[in-house]
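Topology and contacts: notes
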Amino acid sequence: MTCPILEIENLSHSFEQGEGGIFDISFSISGNEFILLAGKNGSGKTTLIRHLNGLLRPDSGQVLFKGCNIQKNLTRTRKKVGMIFQDPDTQIIGDTVFDETAFGLENLGFERPMIREKVSRTLDRLDLSHLKDRNPSTLSGGEKRRLAIAGVLVMEPEVILFDEPFANLDHPSTQALAGLARELNRAGHAIVMATHDVEPVIRDATRILIMENGRVAEDGRPDALVKKLESHGVKEPWSSRPGLDLGGSRP
Ligand SMILES: Nc1ncnc2c1ncn2[C@@H]1O[C@H](COP(=O)(O)OP(=O)(O)O)[C@@H](O)[C@H]1O
Ligand SMILES: [Mg+2]
């Protein structure tokens, strides 16, 4: 059993308005996991994932990164636990792809040559080098997602959080992003991905947490839970349905 990297302890958060929130959630994440946080709209995925890098403060309970409450050192938390937001436009602030990727390092006070080296390496890795002088607003949806990942990856995080990464992406961009998440996990980053669409990553996930009404309704291996998804309002992936008849194959 590897040591947990993140521990979520009795976490609760309710909002001033409405009945929504998350309620008494506890689980641990170890460094090599690829966790899908599945659940229908409003089940609490975004609220939970925003607690994992300290964007929200809990009403009660806590999140620990390697044993320390993440709220105690938010600069370290944001570096070690990176978040890819659902809408990449909300994350982009730089005038060029290069500046956008350099932003976090500049805030941390890195020297210029070191920034250039780290950014170049990260842009290469994400196949964005040829776009380094482009204004981010001119990028395609898939390129914007990769840029958001670049801005996080350049900080060398240990955990990468994705909130609905496949929203508004076409099939090739979805496949490419799923491949990238798999690669990042294999390279040693823990992944937590909130998604109502598990299909693109069902083969890569090591664990699924199914959320319902702000609580974790199921927590287990993908092969054990895939048949339970639909009862919690999440579409079962086509790839798990044997004998699928797509029509046109009858004699
Ligand atoms: N800022 C907010 N104010 C009031 N209620 C909210 C707010 N954000 C989320 N909620 C409510 O909390 C619940 C969980 O929302 P959310 O975490 O966004 O779910 P998901 O990401 O699974 O769609 C929902 O009932 C939602 O309406
Ligand atoms: Mg959400």
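Overview of the structure. All figures in this text were calculated on a predicted structure; none of them were measured in a lab.

**Notes on the site of ligand 1**
- Around ligand 1, the surrounding shell consists of Phe15, Gln17, Gly20, Gly21, Lys40, Asn41, Gly42, Ser43, Gly44, Lys45, Thr46 and Thr47.
- Within the contact set of ligand 1, an oxygen atom lies 3.4 Å away from a backbone nitrogen or oxygen of glycine 21.
- In the environment of ligand 1, an oxygen atom lies 2.7 Å from a nitrogen or oxygen atom belonging to the backbone of glycine 42.
- Burial of ligand 1 by the surrounding chains reaches 61%, relative to a free accessible area of 560 Å².
- Ranked by residue count, the leading element in the shell around ligand 1 is helix α1 (residues 45-51), at three residues.
- When grouped by side-chain class, the residues that make up the shell around ligand 1 number one nonpolar, nine polar and two charged.

**Topic: the environment of arginine 182**
- Structurally, the position occupied by arginine 182 is in helix α7 (residues 171-186).
- Exposure remark for arginine 182: the relative accessible area of 31% places this residue in the partly exposed category.
- Along the backbone, arginine 182 and proline 113 are 69 residues apart, and their C-alpha atoms lie at a distance of 30 Å.
- Other than its neighbours up to four places away in sequence, arginine 182 contacts Phe34 and Asp204.

What counts as what
- Residues numbered from 1 in each chain as written.
- Chains lettered and ligands numbered in written order.
- Predicted model: local features only at pLDDT ≥ 70, side-chain atom pairs only at ≥ 80, totals over all residues.
- Heavy atoms only, no water.
- Near = heavy atom within 4 Å.
- Polar contact = N/O pair within 3.5 Å; in protein donor to acceptor, adjacent residues only side chain to side chain.
- Areas by Shrake-Rupley, 256 points an atom, 1.4 Å probe, with all protein chains shown as cover.
- Helix = DSSP H or I, 4+ residues; strand = E, 2+ residues; numbered from the N terminus.
- Nonpolar A, V, L, I, M, F, W, Y, C, P; charged D, E, K, R; others polar.
- Buried < 20%, exposed > 50% of the residue type's maximum accessible area, 1.4 Å probe, protein only.
- Contact = heavy atoms within 4.5 Å.

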